[in-house]
Amino acid sequence: QVQLVESGGGLVQPGGSLRLSCVASGSIFSINVMGWYRQAPGKERELVTSITDGGRTTYADAVKGRFTISRDNVKNTVHLQMNSLKPEDTAVYFCYARAGPFPYWGQGTQVTVSS
């Protein structure tokens, strides 16, 4: 079992920045991928970004050049630096981990981009 706890969401104006963090605990030795998904009202959950234990990253086209994922394997933490935020980035952001074939999710943190 893997437990994920997110922090760092909030309200920010368009063009602003936020940094999300996710701490993993439990069977962390089995985690091979971590990342972030988001779900806006009335929309399906979508992948934002992911990072493997080897440091390979992927990004959704909508966030390339604005968001950066990083991983601290010593602290079992993954961060999401979000810059140049847009109103369409408003969503609940979920931390994600995959341990073998099993997915795990955090409880989600709200990000609202509004003036």
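For the structure itself, consult the block above.
As a starting point, this report considers the structure included with it. Since we're looking at a predicted model, the values are computed, not measured. Each residue is numbered by its place in its chain's sequence as written, counting from 1. Whole-chain, interface and lining totals are the exception, using all residues; otherwise, since this is a predicted model, local features are given only for residues with pLDDT of at least 70 and side-chain atom pairs are given and counted only at 80 or more. The side-chain numbers reported here are obtained from all heavy atoms of the structure, hydrogens and water having been left aside.

## Observations concerning the pattern of salt bridges
Salt bridges are defined as contacts in which a side-chain nitrogen from Lys or Arg sits within 4 Å of a carboxyl oxygen from Asp or Glu. For the structure on display, the rule yields four salt bridges. Here R38 makes a salt bridge to D89, at a shortest N to O gap of 3.0 Å. You can see R38 sitting in strand β4 (residues 31-39) and its partner D89 sitting in the loop between β8 (77-82) and β9 (91-99), a full 51 residues away along the chain. For the pair shown, R38 and D89 are each scored as buried. Shared partners join several salt bridges into a network, and the residues in it are R38, E46, R66 and D89. Labels follow the DSSP assignment, with helices taken as runs of H or I lasting at least four residues and strands as runs of E lasting at least two, numbered in each case from the N terminus. Each residue is assigned to one of three classes by its accessible area relative to the maximum for its type, calculated with a 1.4 Å probe on protein chains only: buried under 20%, partly exposed between the two thresholds, exposed over 50%.

## Side note on the nonpolar core
Grouped together as the largest cluster of nonpolar side chains are 28 residues, with contacts concentrated most on L4, M34, W36, F67, V78, M82 and Y93. Counting residues per element, the ones that place at least two in this core are β1 (2-7), β3 (18-26), β4, β5 (46-52), β7 (67-72), β8, β9 and β11 (109-113). In contact with V78, not counting residues within four places along its chain, are L20, S21, C22, M34, W36, I51, I69, S70, R71 and C95. Here, the term nonpolar core denotes a set of buried Ala, Val, Leu, Ile, Met, Phe, Trp, Tyr and Cys residues that are joined through side-chain atoms within 4.5 Å. Throughout, a contact is declared for two residues whenever any of their heavy atoms are within 4.5 Å.

## A word on the packing of aromatic side chains
Centre distance within 6.5 Å is the pairing criterion for rings of Phe, Tyr and Trp, where only the six-membered ring of Trp is used; planes under 30 degrees apart are then read as stacked, over 60 as edge-to-face, and the remainder as tilted. Counting across every chain of the model gives three aromatic pairs. Both rings, one in Y37 and one in W105, keep their centres 4.9 Å apart while their planes meet at 75°; by these two values the pair is edge-to-face. One end of the pair, Y37, is in strand β4; the other, W105, is in strand β10 (residues 102-105), and 68 residues separate them in sequence. Judged by its relative accessible area of 36%, W105 falls in the partly exposed class.

## Some thoughts on the state of the cysteines
The definition used for a disulfide is geometric: two cysteine sulfur atoms within 2.5 Å. Inspection of every chain in the model, using the stated rule, returns one disulfide. C22 shares a disulfide with C95; S-S distance 2.0 Å. The disulfide joining C22 to C95 has a torsion of about -85° about its S-S bond and is therefore left-handed. Linking C22 in strand β3 with C95 in strand β9, this pair joins segments that are 73 residues apart in sequence. The same class applies to C22 and to C95, which are both buried.

## Comments concerning the environment of L18
Within the secondary structure, L18 is located in strand β3. For L18 and Q81, which are 63 residues apart along the polypeptide, the C-alpha to C-alpha distance reads 6.2 Å. What L18 contacts, discounting residues up to four positions off in sequence, is G8, G10, V12, L80, Q81, M82, L85 and V111.

## Some points on the side chain of D89
For D89, a relative accessible area of 1% puts it in the buried group. Distance and chemistry together define a polar contact, namely a pair of N or O atoms within 3.5 Å, with one atom able to donate a hydrogen and the other to accept it when in protein, and with adjacent residues in sequence counting only for side-chain atoms on both sides. At 2.7 Å, the side chain of D89 and the side chain of R66 are in polar contact. Those residues in contact with D89 that sit more than four places away from it in its chain are R38, R66, F67, S84, V111 and V113.

Everything listed here is a matter of coordinates, which is why it stays silent on function.
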